[in-house]
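Results of the structural survey
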Amino acid sequence: MADTVFGIATAITVLGLALAGYRFLKGPWAIDRTVALDVMTIITTSLIVAFALFSGRRIYVDVGMVYGLVGFVGVVALARYLEGGL
Amino acid sequence: MRTLKAKILAMLALWVVWMLLTAPWSGQEAIAGAIIAILVAFLPLFPASLLGDLKLGPKALVYMVAYFFVFIKALVLSNLDVAFRVLHPKLPIDPGIVKVRTRLKTPLGRLLLANSITLTPGTITVEMRGEDVFVHWIKVAATDPESATEAIVTGFEKYLEVICG
Amino acid sequence: MTAIIGAFLSLIGALFFLLSGIGLIRMPDAFNRMQAGTKATTLGSILFLIGIGLQKPEYLGRTIILVVFIVLTNPVSSNALARAAHGYRKHIGARLEPDALAEADEAAEVASKTTANKEAVHGD
């Protein structure tokens, strides 16, 4: 029961990631792509933690935490670059 | 005094994070984590000064709990608002940037206020300059600063003023 | 029992992730995309990660750290993006009916120009 519901939840999350990826590819401006990248970073972090649950290996939770940290720094660095402050 | 409070709070925060990371707890890990947290928090360049703005009186603690619930309520309401606007066939938006004012002075209070505004229904903080806060509002209801402040800031400010001046 | 509650929490969170994706597609300019993206992903990741923590209690500590981190940093990155987007507001064709920030920028520019002129006149 719980596994089925969680599988459906993960499938819906992947669909949301695909929609954000469509905006990332379509643009039309760099700032739109960066907003899409921000959303994709958060969704991917959650998906990595979900993968830890599927594979049963706790190390992937740590991978997700580090990915969230690095993704945040990357998005802020891109935003600062677009602003002209870097 | 203020820096000592900041360092003790930073030490506690580090220790709580350590305890959450080492999920099946054991006594040795707790002691080792406490020693390392003390050493790190009292390093000369450790950036703990932000936490020194926090007040710790009984009234401030009550307001902290109340602020937590106000924040959760605002977060859920803002998501329902986003769901309504995104799924509505006509996209009912009327965006603009309005200026509001805040009385908060401390860096921690201003950080929490900016984050709270971003997560409340229909608003995103764009810029903070002195006491002026510029807010992107997805459906502008009031353009003059006074009524916009009343609508966006006041609900959080009365809690944040008590928590961290 | 907690596993089933956790799975349903994750399902609600996943629906908010989907909502953020739809918002990114449907909204007309970068500011409004940010509105949909930031809010929906914040609540979505809170529910999704806490749901995972409830399904497997040994992950709960780490997912709580991750949730606190996301709640603190997601508004910060969207604030940085909003400031960057305001610099490009004419290029991206953002409709901003009252634009108080542009007015404040213009006022500051005019003020600095007049003081510069006065100094120039003084210099002569």
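The model shown is predicted, which means the values in this text are computed figures rather than measured ones.

1. Let's talk about the overall build of chain C
Scanning chain C for helices and strands turns up four helices and zero strands. In sequence order, the secondary structure elements of chain C are arranged as α-α-α-α. The principal-axis extent of the C-alpha atoms belonging to chain C is close to 85 × 30 × 15 Å. By the burial criterion, 56% of the 124 residues in chain C qualify as buried. Sequence separation of at least 24 residues holds for 62% of the intrachain contacts in chain C that already meet a minimum separation of 6. Accessible surface, chain C as shown: approximately 5,200 Å² in total, 64% of it carbon and sulfur. Charged side chains of chain C number 11 positive and 10 negative; the gap between the two group centres comes to 12 Å.

2. Here we look at the interface of chain C and chain A
Between chain C and chain A, the residue contacts involve 48 residues of the former and 48 residues of the latter. Interface area lost by chain C to chain A is led by Y59(C), R62(C) and L81(C), which between them contribute 15%. For the salt bridge of R33(C) with D32(A), the shortest nitrogen-to-oxygen distance reads 2.5 Å. In this assembly, chain C and chain A are joined by eight residue pairs in polar contact (both at pLDDT 80 or more). Secondary-structure elements contributing two or more residues to the side of chain C that touches chain A are α1 (2–26), α2 (30–55) and α3 (60–87) of chain C. When the residues that make up the side of chain C that touches chain A are grouped by side-chain class, the tally is 30 nonpolar, twelve polar and six charged.

3. Regarding the nonpolar core
Within the largest apolar cluster, 93 residues are counted, with the highest numbers of intra-cluster contacts made by I31(A), I152(B), F48(C) and I52(C). Excluding its chain neighbours within four sequence positions, the residues that come into contact with I52(C) are F6(A), S46(A), V49(A), A50(A), L53(A), S10(C) and Y59(C).

4. Focus on a nonpolar patch on the surface
Judged by side-chain polarity, V65(B), F68(B), F69(B), I72(B), V76(B), L77(B) and L80(B) come together as a nonpolar surface patch covering roughly 640 Å² of accessible area. Since its relative accessible area comes to 49%, L80(B) is described here as partly exposed.

5. Let's talk about the interface of chain C and chain B
With 41 residues of chain C in contact, the opposing surface of chain B contributes 42 residues. Across the chain C-chain B interface, the total number found is one salt bridge. As a salt-bridge pair, E127(B) and R83(C) come within 3.3 Å of each other at their nearest N and O atoms. Here chain C is connected to chain B by twelve residue pairs in polar contact (both at pLDDT 80 or more). Within the residue set of the side of chain C that touches chain B, elements represented by two or more residues are α1, α2, α3 and α4 (100–123) of chain C. It is α3(C) that contributes the most residues to the side of chain C that touches chain B, 13 residues altogether. Its residues assigned to classes, the side of chain C that touches chain B shows 23 nonpolar, nine polar and nine charged.

Scoring rules and cut-offs
Residues numbered from 1 in each chain as written. Chains lettered and ligands numbered in written order. Predicted model: local features only at pLDDT ≥ 70, side-chain atom pairs only at ≥ 80, totals over all residues. Heavy atoms only, no water. Helix = DSSP H or I, 4+ residues; strand = E, 2+ residues; numbered from the N terminus. Buried < 20%, exposed > 50% of the residue type's maximum accessible area, 1.4 Å probe, protein only. Contact = heavy atoms within 4.5 Å. Areas by Shrake-Rupley, 256 points an atom, 1.4 Å probe, with all protein chains shown as cover. Lys, Arg positive; Asp, Glu negative; His and termini not counted. Charge placed at Lys NZ, Arg CZ, Asp CG, Glu CD. Buried area = accessible area lost by both parts, 1.4 Å probe. Salt bridge = Lys/Arg side-chain N within 4 Å of Asp/Glu carboxyl O. Polar contact = N/O pair within 3.5 Å; in protein donor to acceptor, adjacent residues only side chain to side chain. Nonpolar A, V, L, I, M, F, W, Y, C, P; charged D, E, K, R; others polar. Core = buried A, V, L, I, M, F, W, Y, C linked by side-chain atoms within 4.5 Å. Patch = residues over 30% accessible without salt bridge, like charges linked within 9 Å, V, L, I, M, F, W, Y side chains within 5 Å.

Everything listed is a geometric property; what it means functionally is a separate question.
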